[in-house]
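If you want the building blocks of each chain, they are given just below.
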Amino acid sequence: VVGTKAESQEERDRLLGVARYLSLGHATASDTRAPIVTDGMLTDEMARQYNLVFVGGPTMNSAADRALKESPIPAVKIPEAEDPAFLSVGGYNLTSEDDAAVFTHPRRILGESLPRLDLHIMAGSLSAMETSVRFSFAVNQALTRAPYCNMVPDFLIYGPEFKWRGYGGLLAAGFWGNAWDVDPKSSYFKDL
């Protein structure tokens with residue numbers, strides 16, 4: 001689900017480029033179909049039927065904003081507008097335009113609990129989002145897996161050093177606990 005609330009057409013095109021990259025990665029790696037829809041095209045019926053990948057955070061994607069507000073979990077918080085952070089995951093505040101986050105999130109619609117698990121991809125800038133997505137796909141044919149589908153934790157937080165250090169530049173990574181909070185026994189937070 002691609003956000004359409006970005007300020008310029010160039011930004012909307014770049015969000016669509018991220019969605020295309022993910023969709024083509026699934027087609028290439030596992031011969032699966034991952035259709036792309038915009039936040040305005042997403043219907044309640046589609047949301048009930050499928051697990052979703054939201055490209056763009058609440059300020060760029062109205063469907064992501066709705067999903068996060070309707071299904072809050074303790075570990076993920078969208079700060080108030082005056083807060084310098086654009087996202088807080090497990091107490092780690094993302095404030096830099098070079099920060100990005102990818103995380104799984106349960107979803108309920110209209111108050112009913114659904115067996116759906118979504119993936120959210122958001123960043124302080126489109127450049128940071130594009131960088132985080134590029135590292136999710138192996139180019140070695142024998143190692144090729146669909147992006148964010150194999151051996152990936154419940155959340156990844158990328159910082160400014162990720163572009164040149166790769167996974168050594170992660171700020172945090174780990175798994176949710178049973179109550180959708182951060183499980184400290186299976187999570188890493190740099191300098192928290």
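Below, the structure is looked at part by part. (Residues numbered from 1 in each chain as written. Predicted model: local features only at pLDDT ≥ 70, side-chain atom pairs only at ≥ 80, totals over all residues. Heavy atoms only, no water.)

Okay, the packing of aromatic side chains next. For the structure on display, the rule yields five aromatic pairs. Centroid distance Phe-155 to Trp-176: 4.8 Å. Interplanar angle 25 degrees. Geometry classified as stacked. Of this pair, Phe-155 sits in strand β7 (residues 155-158) while Trp-176 sits in strand β8 (residues 170-176), placing them 21 residues apart in sequence. The two residues Phe-155 and Trp-176 agree in class, both being buried. (Phe/Tyr/Trp six-rings, centres within 6.5 Å; stacked < 30°, edge-to-face > 60°. Helix = DSSP H or I, 4+ residues; strand = E, 2+ residues; numbered from the N terminus. Buried < 20%, exposed > 50% of the residue type's maximum accessible area, 1.4 Å probe, protein only.)

Take the pairing of β7 next. Neither face of β7 is exposed, since Phe-155 and Ile-157 on one face and Leu-156 and Tyr-158 on the opposite face are all buried. Relative to β8, β7 runs antiparallel, the two being bridged by four bridges. When the sheet's bridge partners are listed, Ile-157 is paired in β8 with Ala-172. (Pairing = 2+ DSSP bridges.)

Backbone geometry places Trp-180, a non-glycine residue, at a positive phi of 60 degrees. Tracing the sequence through the fold places Trp-180 in the loop between β8 and β9 (182-189).

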